[in-house]
Amino acid sequence: MVVEPKVKGFICTTAHPAGCEESVRRQIAYCKEKGTVEGPKKVLVIGASTGYGLASRIAVTYGYGADTIGVSFEKEATGKRTATAGWYNTAAFEKMAAQDGHYVKSFNGDGFSKEMKEQVIETIRSDWGQTDMVVYSMAAPRRTLADGTTVSSVLKTVGEAFTNKTINLKNNEITEVTVPVATDEEVQNTVKVMGGEDWEDWIRALADAGVLADNAVTLAYSYIGPVVTHPIYKDGSIGQAKKHLYNTSVKLTEEFADRGLKAYISVNKALVTQSSAAIPIVPLYISLVYQVMKKEGLHEGCIEQMYRLFTDKLPKKEVDEAGQFRLDDWELKDSVQNQIAAVWDKVTTENIKEYGDIDGFWEDFYQMFGFRYDNVDYSADVEI
Ligand code: NAD
């Protein structure tokens, strides 16, 4: 079948298998060229198929020479419908990592569920004995709780509504958007989905089953960003979940101190992923930040960020005063943020190409789904 992109707002409903393979190949090549350092050898990655989780899996495989088990929630192809990008990424990663002699096993299903935790624990027990690193990179719109009820996360403000510029992804027009206030229940639900509860459940389940090694490390990912995005991100409903995630890191490190567990938050850079494209205002901010960071020679994608985290920041234990890794260090440099602040009020539909890297935003967006790689023949029939 010839696969073409079908973009609807912030999502593409098709994915290209050969393009996804190319994306994984490039990320692996980046790490291979950089080489390995000493590090954990049995790594569980939860949310391992796209974005930061996939890049983490690749970075530990090729940066530490680690074996990995990955968990993600993706759809396989049915009839003429392609699989999701994460499904193709996982298939490509499994193939390439196995060719390079690495152990790889992947689970596709609901990471929030008890059943998934049990399956993964059984596999760790039989194949590895124990895991020495757990990366929690799940980004989900909803969560089904143990009692069967499903709660959803929202991207809204807390306290008062917030109006600012955004980019309409249907036509690249710069417009104003008013982000509404989340109700208390919506905030609580967002914390349930994107906070630290499930991360803690995973760590407890692994520890109780005796498959978490002494002195293991676990990481989850967060975002802070500049003041212009605070009402919608840091101080908004998602920010409340990220506060909970941070508090969970402190709690886990304290509670499992006798086993030497270290639970860290890594605050990562704003990048185009399936999750971030859905947040109002953020795609406009990303296109401005890409423009400045590329010009300054500071731009990184997911793989550069995660390779830097695992082979540099983590071995050096280079944390901020709150104990977090700061992979947003270059994004939040004054020299970068001052340039963005200087153009934020000026940017319009007419001049977005001058001030923002809107083409770079769209290139990353299409490439997330396996499109727009210059060395992939998109007119060819592919097996989906
Ligand atoms: P993403 O959408 O690319 O990845 C989400 C992953 O979670 C995928 O592997 C998906 O399959 C998996 N997943 C979703 N629901 C699941 C479920 N029920 N069970 C199992 N797996 C499930 O997102 P991302 O942007 O890479 O986000 C990962 C983390 O990084 C999040 O905590 C996010 O807040 C954080 N982060 C993202 C950015 C950014 O700009 N994208 C910046 C900083 C931090």
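Here, residues in each chain are numbered from 1, in the same order as that chain's written sequence. Where local features are concerned, this predicted model is filtered to residues with pLDDT of at least 70; where side-chain atom pairs are given and counted, the filter is 80 or more; whole-chain, interface and lining totals use all residues. In computing side-chain properties, one takes all heavy atoms of the structure into account and sets aside hydrogens as well as water.

Participant: Teacher, can you tell me more about the nonpolar core here?
Facilitator: In summary, soluble globular proteins display a tendency toward joint burial of nonpolar side chains. Think of a nonpolar core as a cluster: buried Ala, Val, Leu, Ile, Met, Phe, Trp, Tyr and Cys residues, connected wherever their side-chain atoms sit within 4.5 Å. When accessible area is computed with a 1.4 Å probe and restricted to protein chains, residues below 20% of their type maximum are described as buried, those above 50% as exposed, and intermediate ones as partly exposed. Ranked by size, the top nonpolar core spans 124 residues in total, and within it Leu44, Met133, Leu206, Leu219, Phe310 and Phe365 carry the most contacts. Working definition: helices are DSSP H or I runs of at least four residues, strands are E runs of at least two. Numbering for both runs from the N terminus. With nine residues, the single largest contributor to this core is helix H8 (residues 282-295). Between two residues, a contact is recorded if the distance between any of their heavy atoms is within 4.5 Å. The residues contacting methionine 133, other than those within four sequence positions of it, are Pro40, Lys42, Val43, Leu44, Val60, Tyr64, Val217, Leu219, Phe310 and Leu314.

Participant: Before we go on, may I ask you to explain the site of the ligand in this structure?
Facilitator: The near set for a molecule or strand comprises every residue that places at least one heavy atom within 4 Å of it. Within the structure, the ligand sits among 30 residues, and Ser49, Tyr52, Gly111, Thr273 and Ser275 are positioned closest to it. Nitrogen and oxygen atoms within 3.5 Å of one another constitute a polar contact, given that in protein one can donate a hydrogen and the other can accept it, and given that sequence-neighbouring residues count only through two side-chain atoms. Between the ligand and glycine 109 there is a distance of 3.4 Å, counted from a nitrogen atom to a backbone nitrogen or oxygen. Tyrosine 221 is positioned with one of its backbone polar atoms (N or O) 3.3 Å from an oxygen atom of the ligand. Here the open area of atoms and residues is found with the Shrake-Rupley method and a 1.4 Å probe, where only the protein chains shown may cover a residue. Taken by itself the ligand offers 840 Å² of open surface, and the protein chains cover 93% of this. All residues other than Ala, Val, Leu, Ile, Met, Phe, Trp, Tyr, Cys, Pro, Asp, Glu, Lys and Arg, Gly among them, are scored as polar; the first ten of these are nonpolar and the last four charged. Residue composition of the shell around the ligand, by class: 12 nonpolar, 14 polar and four charged.

Participant: Looking at this structure, how should I read the pattern of salt bridges?
Facilitator: Any two side chains of opposite charge can pair, given that their charged atoms come close. The term salt bridge refers to a side-chain nitrogen of Lys or Arg lying within 4 Å of a carboxyl oxygen of Asp or Glu. By the definition in use, this model includes 29 salt bridges. Where lysine 41 meets glutamate 38, a salt bridge forms, and the shortest distance between an N and an O atom there is 3.8 Å. Owing to a relative accessible area of 32%, lysine 41 belongs among the partly exposed residues under this scheme. On the basis of relative accessible area, glutamate 38 is assigned to the exposed category, the value being 67%. Arginine 308 is the partner of glutamate 300 in a salt bridge, and the nearest nitrogen-oxygen pair spans 2.8 Å. Note on accessibility: glutamate 300 and arginine 308 belong to one class, buried. Within this structure, Glu21, Glu22, Arg25, Arg26, Lys95 and Asp374 form a network of salt bridges that share partners.

Participant: Please explain a positive patch on the surface as it appears in this structure.
Facilitator: Like charges within 9 Å and nonpolar side chains (Val, Leu, Ile, Met, Phe, Trp, Tyr) within 5 Å are joined into patches, using only residues over 30% in relative accessible area that form no salt bridge. Counted as positive: Lys and Arg. Counted as negative: Asp and Glu. His and the chain ends are not counted at all. One atom stands in for each charge, and that atom is NZ of Lys, CZ of Arg, CG of Asp or CD of Glu. A cluster of like positive charges, contributed by Lys6, Lys8, Lys75, Arg81 and Arg142, occupies part of the molecular surface. Within the fold, lysine 6 resides in the segment before strand E1 (7-8).

Participant: What's the story with unusual backbone geometry in this structure? I'm lost.
Facilitator: Phi is mostly negative for residues that are not glycine, and the peptide bonds are mostly trans. With a phi angle near 60 degrees, asparagine 215 is a residue other than glycine that sits in the positive phi range. Mapping asparagine 215 onto the fold places it in strand E11 (residues 212-222). For asparagine 215, a relative accessible area of 56% translates into the label exposed. Phi at lysine 317 takes a positive value of approximately 50 degrees, unusual for a residue other than glycine. Turning to its location among the elements, lysine 317 is positioned in the loop between helix H9 (302-316) and strand E13 (325-326). For lysine 317, a relative accessible area of 47% gives the class partly exposed.

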